[in-house]
Amino acid sequence: SGSGSVKLTASDRSTIDADAAGIGIMLKFGQGSGANAGLGIGVALNDIQNGISAVVEDSTVSAYQDVSLIAESITTVNALSIGGAVNGVIGKGDGFNLAGGGAGTKNLIKNTIDAHIKNSEGQSGPGVEAKNGTVTVSATDDSTIVSDAGGVGVSVKIGGGNALNLAIGIGVAVNDIANNIYATVDHSVVVGDDVEITAHSGSSIDTLSIGAAGALNISTGKSNSLDLGVGAAVSYNHIENTVEAVIKGGSDVTADSGDITVSATDGSDTDRTLINADAGGVAISIAIGVGKGSRAAITAGVAVSENTVRNTVKSYIENSKADAKGALSVTATSDAKIDSYSLGAAGSLTVSVGSGASGAVGVAYVGTKNVVENTVKAYISGSVDETDDTKPGIQAGSGGITVKADDFTEVLAEWVGVSVSVALGVGKGTAIAGSVTVVLAENTIDNEVAAYAKDSKLDSDGAITVEAISDHNLEATGVGVSASLAIQVSKVPISLSVSALVVSTTNTCLLYT
């Protein structure tokens, strides 16, 4: 380029908007026995895997002003899946009644964003040169997944007869971001007023999964019934990116009048790498009977959430030379957050007027696991002048030399587990109520953060700073409730009520430097 700039840009903007819904409705009126079912299922599957590259390889480039290699990706997935079912039976009859609603969404973003200069050496000068400007090698990724899954099942039985009534609602969300972002100068000679080698990743997952079930049975006359309700919500979310900004392979990089910047970042203080996950499993069952017979209502509310951030962020100069007339900086920064909320709730109510047994059981389970295991490194290694061991491999002017690794990590976890059961009997019989709530919560921050210079010779007119900073915040809060009540009103009342609450939480913060 005789008097202008050279700019090579590779850009991708991929978006998926996907909605899926399945609705099932079964209604029956009048007498008759048999099996009745309403089913609704919605599933959304989305996958983005791209390669984006801006490359100068085995070539020379010279510009009067700037030389820019830019690879960028902005990827978005919006997914909604709904499954709903209603089963309604009104009238006398024996039978099996089912309402099942299921929803699932699975989303994957797996891109490689690569900007590099490789094997670029002039015979008597630089391979890439910006005579009066900046040499920029930049790789940037911005990935977003927004996914919601909701499954709802409702069963209603009104009338006499023996019946097994089952309501199920299940919502499942699985999300995964696994990108590679590279900005590299490899075995090349690069000269500019300033030289900037930057790799940046910003990833976020925002997800909601709901499983809800409701069962209502109102019977008269001689009737026996068992009413079951299960609401389950499952959420699995994973971010695992590799972000690297590198000068390596015997490269020689010079900033004639300004700065050399080598920077790898994952997230920022205004745009953090984020998993925001909410999961709720709720089930309610009500059985009311007037007349001879036994009745039981059993419910289970289940919420399972597992969230993981496991990124590798590296910025380094290795086995290469760098000379900045201003400042030289090698920095790696990670800013990550997990924010999760999990709810498991179950409620059962049985009312029986007449001879017979009444039972109510509620079970709530919450399992939540949040893990951040990042590796953040900034370093200079093996950087010497191989032609003259008295000269430094890394030089800077009054701006100094900075090698810095920063890690900012936050985990906020909140959970609620509630189970309530009530059994009421009037007349000859027995009332039994039981409730169980189990909560298993595990939260871990286990990062490796390092900044160093080794096997290198550094010279600077300004300060030389090598530091690693890690700032962790882990907050876990929860509420667990288990309550049961059994009342039998008769000449010889027999009632039994049992409640159990089990909570196990583990919170761990570790740091390796």
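Up top is the structure.
Scope of this entry: the structure provided in the associated data block. (Residues numbered from 1 in each chain as written. Predicted model: local features only at pLDDT ≥ 70, side-chain atom pairs only at ≥ 80, totals over all residues. Heavy atoms only, no water.)

So, the overall build of the protein
Then step 1. Broken down by element type, the protein carries 0 helices and 28 strands.
Then step 2. The C-alpha atoms of the protein give a radius of gyration of 32 Å, which is well past the 24 Å a tight globule of 513 residues would have.
Then step 3. When its C-alpha atoms are laid out on the principal axes, the protein stretches across 105 × 40 × 25 Å.
Then step 4. When burial is assessed residue by residue, the protein has 51% of its 513 residues classed as buried. (Helix = DSSP H or I, 4+ residues; strand = E, 2+ residues; numbered from the N terminus. Rg over C-alpha atoms; globule rule 2.2 N^0.38 Å. Buried < 20%, exposed > 50% of the residue type's maximum accessible area, 1.4 Å probe, protein only.)

What about the pairing of strand 14 (residues 252-255)?
Then step 1. Taken together, the 4 bridges between strand 11 (residues 189-220) and strand 14 define a ladder with parallel strand orientation. When the bridges of strand 14 are listed, valine 190 appears paired with valine 253.
Then step 2. Pairing of strand 14 with strand 19 (residues 321-324) involves 4 bridges; the strand directions are parallel. What sits directly across from valine 253, in strand 19, is alanine 322. (Pairing = 2+ DSSP bridges.)

A few points about the nonpolar core
Then step 1. Core analysis: the biggest nonpolar cluster contains 49 residues, and Ile197, Ile260, Ile317 and Leu328 have the highest contact counts within it.
Then step 2. Beyond its immediate sequence surroundings of up to four residues, isoleucine 260 is in contact with Val195, Ile247, Val253, Thr254, Ala255, Ala322, Asp323, Ala324, Ala327, Leu328 and Ser329.
Then step 3. Listed in part, the 15 residues of the second largest apolar core include Ile109, Ile145, Ala277 and Ile445. (Core = buried A, V, L, I, M, F, W, Y, C linked by side-chain atoms within 4.5 Å. Contact = heavy atoms within 4.5 Å.)

Side note on unusual backbone geometry
Then step 1. Phi is positive for asparagine 119, which is not a glycine, with a value near 55°.
Then step 2. On the secondary structure map, asparagine 119 appears in the loop between strand 7 (112-118) and strand 8 (128-158).
Then step 3. On the basis of relative accessibility, which here comes to 30%, the residue asparagine 119 falls in the partly exposed class.
Then step 4. Positioned with a positive phi, asparagine 319 is a non-glycine residue whose angle comes to about 50°.
Then step 5. Take asparagine 319: it is sitting in the loop between strand 18 (312-318) and strand 19.

Structural notes on the pairing of strand 15 (residues 260-266)
Then step 1. Most of strand 15 is tucked away: 6 of the 7 residues are buried.
Then step 2. As paired strands, strand 11 and strand 15 are joined by 7 bridges and run parallel to one another. Counterpart to isoleucine 197 in the pairing with strand 15 is valine 262.
Then step 3. Here strand 15 pairs with strand 20 (residues 327-353) via 7 bridges, running parallel. Counterpart to alanine 264 in the pairing with strand 20 is alanine 332.

Digging into the pattern of salt bridges
Then step 1. Under the definition given, this model contains 10 salt bridges.
Then step 2. Residue arginine 272 is joined to glutamate 410 by a salt bridge in which the shortest nitrogen-to-oxygen separation is 2.8 Å. Of this pair, arginine 272 sits in the loop between strand 15 and strand 16 (273-290) while glutamate 410 sits in strand 24 (residues 400-426), and the two are 138 residues apart along the sequence.
Then step 3. Look at glutamate 410 and you get buried, because its relative accessible area is 16%.
Then step 4. Where lysine 404 meets aspartate 406, a salt bridge forms, and the shortest distance between an N and an O atom there is 3.8 Å.
Then step 5. Three or more residues joined by partner-sharing salt bridges are found here, namely Asp252, Lys321 and Asp385. (Salt bridge = Lys/Arg side-chain N within 4 Å of Asp/Glu carboxyl O.)

Concerning the packing of aromatic side chains
The geometry of two aromatic rings is summed up by the distance between their centres and the angle between their planes.
Then step 1. Scanning the model with the defined rule gives 2 aromatic pairs in all.
Then step 2. Taken together, a centroid distance of 4.8 Å and an interplanar angle of 0° make the contact between tyrosine 316 and tyrosine 379 stacked. Linking tyrosine 316 in strand 18 with tyrosine 379 in strand 22 (residues 375-381), this pair joins segments that are 63 residues apart in sequence. Accessibility assignment for this pair places tyrosine 316 and tyrosine 379 in one class, buried. (Phe/Tyr/Trp six-rings, centres within 6.5 Å; stacked < 30°, edge-to-face > 60°.)

Some details on the environment of serine 495
Then step 1. Among the secondary structure elements, serine 495 is positioned in strand 28 (residues 494-512).
Then step 2. We classify serine 495 as partly exposed; its relative accessible area is 42%.
Then step 3. The sequence separation of serine 495 and glycine 359 amounts to 136 residues, and the corresponding C-alpha distance is 9.7 Å.
Then step 4. Dropping the residues within four chain positions of it, serine 495 is found in contact with Ala431, Ala486, Ile487 and Gln488.

Details of the side chain of serine 329
Then step 1. Considering the arrangement of structural elements, one finds serine 329 in strand 20.
Then step 2. When near neighbours in sequence (up to four residues on either side) are disregarded, serine 329 contacts Ile260, Thr261, Val262 and Thr402.

A look at the side chain of asparagine 36
Then step 1. Mapped onto the elements of the fold, asparagine 36 is located in strand 2 (residues 34-48).
Then step 2. Excluding anything up to four places from it in sequence, asparagine 36 contacts Met26, Lys28, Asn87, Val89, Phe96, Asn97 and Leu98.

Some points on the environment of serine 59
Then step 1. Tracing the backbone through its elements, the reader meets serine 59 in the loop between strand 3 (51-57) and strand 4 (61-63).
Then step 2. The class for serine 59 is partly exposed, based on a relative accessible area of 33%.
Then step 3. Separated by 58 residues in sequence, serine 59 and isoleucine 117 have C-alpha atoms that sit 8.9 Å apart.
Then step 4. If near-sequence neighbours (up to four positions away) are discounted, serine 59 is found in contact with Asn119, Ser120 and Gly127.
Then step 5. Here glutamate 57 takes part through its backbone oxygen, which lies 3.0 Å from a polar atom of the side chain of serine 59. (Polar contact = N/O pair within 3.5 Å; in protein donor to acceptor, adjacent residues only side chain to side chain.)

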